[in-house]
Amino acid sequence: MKYLKVTNIKLNIDEGKDAAIRQALRIAGVSEKQLIRAKIIKKSIDARRREQMKILWSVGLLVDFYNGRRKNVEVFEQEPRYSYEITGKKQLRFPPVIVGSGPAGLFCGYLLALNGYCPIILERGNDVGQRIDDVARFWREGTLNPDSNVQFGEGGAGTFSDGKLNTGIKDKKHRISFLLETFVKYGAEENILYDAKPHIGTDYLCKIVRQMREDIIRMGGSVHFNAAVKDFLIKDKKITGVLVNGDQKIETDLCILAIGHSARDTFQTLYRRGVVMEQKPFAIGVRVEHLQSRINEAQYGFPDNRLGAAPYKLTYKTKDNRGVYSFCMCPGGYVVNASSENGRLCVNGMSNQKRDTKNANSAIVVTITPNDFPDDSPLSGIALQRALEEKAYLAGNGAVPVQTYGDFVNKRKTSEFGSVRPVHKGAVAFSDIRQILPKYLCDAIEEAISYFGTVIEGFDHQDTLLSAVESRTSSPVRIVRDETFQSNIGGLFPAGEGAGYAGGITSAAIDGMKIFEYLCSQYAPIKAEGFRNF
């Protein structure tokens, strides 16, 4: 048998998967009798010439024999798949402990459970069902649960997001395929396997993380909610356990630290315990909202959603050499109050699977370097975030501060909406964002949005709506680790976005998978042995 990858298949926008497979067979010179199985590998929209838009497809063909050589056809001896080998011989005294159930912790825990390592997952927030209620109450009444909110709880911050899965990381080991297939196994739509910009949606993510948790438990792992790790037990520069909720000791020799980018109290505890950390660049800015129909018109030439709600990706360098870019773009989505600390306010974006609200939103953020931090402490970036979030909270009296772009440019507080009305989760309040963000950030945002208006028509319309403050783009801290994925404390494995090694659901999950792969190369399973190939 041979596996063929047929690329650069151009079809009209009204032609679907079946047409792509037929065209792949023609390009490869393969008859249907030779075909064992076909699957779509990638689908993307080529809108460079709007009057002649095409859908670009890549198709995988498993055939019983093939000796040809054709343009746009790669030939493999077998279909590339994610695989790993369990070679570790060291015996574990205690199960591995995973702190945090976001993408890094969830996928590391899933693979550990699948292979008989019986992980213990500790999540400071509630299970996803109760978490949905906690978040809805906060958006409705303004009552914040500091441990169960948009940032904390089962599934991590990514659960209340668009669920975007595209990433720029290289993937020679095919980890992304395994990630996507796992999400589909637990309820995601099949199109995430091949869409160039796959997304799941908040509504689906909530169901997926619950079902993954149930399987982790079925396979021998355990998951504990309302289990905040308050301290780390260290002896001779090695982890010996964790202290949960201040009084419950859990012994372990392996602790995977998948705490997320907003676990500020945990960063402080780690710093106090001598875990080496360093400052890390990140980005701060605002959320912008436009009518989705305007974005569709600018990107595709028509206002409706026949190709789905149109996304965009924008970058710019200011005259002062600061990078400004769109981040976490949510077509047909919501701007959400994503606060996790009383008296402080930050925003994020999310979409459901259908992406069917009236507005498109995206963060427009400015790069922040340690030169902008107030001091040399590894936690100084957190101090900067907190200071701006406090200003945002006070500006809106707990509601999200909003301002039209026209008023932002003219330096006046907004008093009425234009054609763009907020599509938000949580209350909003008219404000002057220039009173929240420092001048260098505001100047960079204004300059960039003006330029973005030359790329996407109407992006700089005076009715464009801005919301502040977008401050949780990534972790402002990196927990230093070596080539074995361990910090300066033996057995402590910083993982994912909070540790400073990922940015988004996919890269965070893959970082957790890499740590699993290292662990299974060193330690024998508690229950199982052998080789897994997916």
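Scroll up to find the structure this text is about.
> Quick one: what's the story with the sheet that holds strand β9 (residues 229-235), residue by residue and with numbers?
Across a sheet, paired strands are connected by hydrogen bonds in the backbone, their directions being either parallel or antiparallel. Within the open sheet, the three strands sit side by side as β9-β10-β11. Their pairing is antiparallel. Of all strands in the sheet, those bounded by a partner on one side alone are β9 and β11 (248-251). Direction aside, the axes of adjacent strands within the sheet are offset by 30° on average. Two strands pair when backbone bridges link them, and strand β10 (residues 238-244) and β11 are joined in this way by four bridges, in the antiparallel orientation. For L243, the partnering residue across the bridge sits in β11 and is K249.

> Give a description of helix α8 (residues 380-396) that names residues and reports values.
In an α-helix there are 3.6 residues to a turn, and that puts residues three or four apart on one side. Compared with the 24 Å implied by 1.5 Å per residue over 17 residues, the 25 Å span of α8 between its first and last C-alpha is a close match. Burial in α8 covers these residues: S380, G381, I382, L384, Q385, R386, L388, E389, A392 and G396. Where α8 terminates, the next one or two residues include N397, which has phi positive at roughly 50°.

> Now, about the layout of surface pockets: what can you tell me, with residues and values included?
Approximately 270 Å³ is the volume attributed to the second largest pocket. Around the second largest pocket, the lining comprises 17 residues; the ones closest to its centre are K238, D253, L254, G491 and Y523. Across the lining of the second largest pocket, the residue classes tally to six nonpolar, six polar and five charged.

> Talk me through the packing of helix α6 (residues 264-272) against α8; I want residue IDs and the actual numbers.
Two numbers describe how α6 lies on α8: the axes approach to 12 Å, and their chain directions differ by 150°. Looking at the two axes, α6 sits roughly antiparallel to α8. Our pair here, α6 against α8, has a crossing hand that is left-handed. Only I382, Q385, R386 and E389 of α8 make contact with α6, whose side of the interface consists of R264, F267 and Q268.

Analysis parameters
- Residues numbered from 1 in each chain as written.
- Predicted model: local features only at pLDDT ≥ 70, side-chain atom pairs only at ≥ 80, totals over all residues.
- Heavy atoms only, no water.
- Pairing = 2+ DSSP bridges.
- Helix = DSSP H or I, 4+ residues; strand = E, 2+ residues; numbered from the N terminus.
- Axes fitted to C-alpha atoms, helices over the stretch in contact; angles between N-to-C directions.
- Expected span 1.5 Å × (residues − 1).
- Buried < 20%, exposed > 50% of the residue type's maximum accessible area, 1.4 Å probe, protein only.
- 1 Å grid on protein atoms, 1.4 Å probe; cavity = no way out; pocket = protein on both sides within 12 Å on 5 of 7 lines; lining within 4 Å.
- Points joined across faces, edges and corners; volume = space filled by probe spheres on them.
- Nonpolar A, V, L, I, M, F, W, Y, C, P; charged D, E, K, R; others polar.
- Parallel < 35°, antiparallel > 145°, perpendicular 65-115°, else oblique.
- Left-handed = near helix turned anticlockwise from the far one by under 90°.
- Contact = heavy atoms within 4.5 Å.

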